[in-house]
Amino acid sequence: MLARRGLHALRHFYASALLSAGESIKAVSEYLGHHDPGFTLRTYTNLMPESEARTRRAVDAILGRGLIDVHGLGTA
């Protein structure tokens with residue numbers, strides 16, 4: 001039982017390290033041997049606390065660091 005929990009914890013650590021480093025959920029799914037990336041996402045989504053901040057940074061970069069308003073009508 002302890003060995004099984006140890007392996008489970010190791011898989012969790014491995015997944016969290018990859019997700020924290022920005023690896024895609026599809027790649028992590030493949031590395032873990034999951035056939036469905038959706039399963040991986042449902043299982044490990046709690047390990048992606050930086051996801052929201054990373055998304056904001058990506059959108060800011062696309063929109064010129066927030067200089068374009070939400071409607072795309074010019075600078076704010």
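Residues numbered from 1 in each chain as written. Predicted model: local features only at pLDDT ≥ 70, side-chain atom pairs only at ≥ 80, totals over all residues. Heavy atoms only, no water.

Draft legend 1. Geometry of the overall build of the protein chain. In terms of helices and strands, the protein chain carries 4 helices and 0 strands. The helix and strand sequence of the protein chain, counted from the amino end, reads α-α-α-α. For the protein chain, restricting intrachain contacts to residue pairs at least 6 apart in sequence, the fraction spanning at least 24 positions comes to 23%. (Helix = DSSP H or I, 4+ residues; strand = E, 2+ residues; numbered from the N terminus. Contact = heavy atoms within 4.5 Å.)

Draft legend 2. Structural detail: the pattern of salt bridges. Per the stated rule, a full pass over the model turns up 2 salt bridges. E30 is the partner of K26 in a salt bridge, and the nearest nitrogen-oxygen pair spans 2.9 Å. Taken together, the positions of K26 and E30, both in helix α2 (residues 25-32) and 4 residues apart, correspond to about one turn of that helix. For D36, the salt bridge goes to R42, with nearest N and O atoms at 3.7 Å. (Salt bridge = Lys/Arg side-chain N within 4 Å of Asp/Glu carboxyl O.)

Draft legend 3. Representation of the nonpolar core in the model. Formed by A15, L18, L19, V28, L32 and Y44, the largest nonpolar core amounts to 6 residues. Elements represented by at least two residues in this core include exactly α1 (2-20) and α2. (Core = buried A, V, L, I, M, F, W, Y, C linked by side-chain atoms within 4.5 Å. Buried < 20%, exposed > 50% of the residue type's maximum accessible area, 1.4 Å probe, protein only.)

Draft legend 4. Structural detail: the side chain of T40. With respect to the helices and strands, T40 occurs in helix α3 (residues 37-44). Judged by relative accessible area, T40 falls into the buried class, the value being 0%. Within polar-contact distance, the side chain of T40 engages the side chain of S29 at 3.1 Å. Look past the residues within four positions of T40 in its chain and what remains in contact with it is I25, V28, S29, L32, H34 and T45. (Polar contact = N/O pair within 3.5 Å; in protein donor to acceptor, adjacent residues only side chain to side chain.)

It is worth stressing that arrangement in space is one thing and function is another; only the former is reported here.
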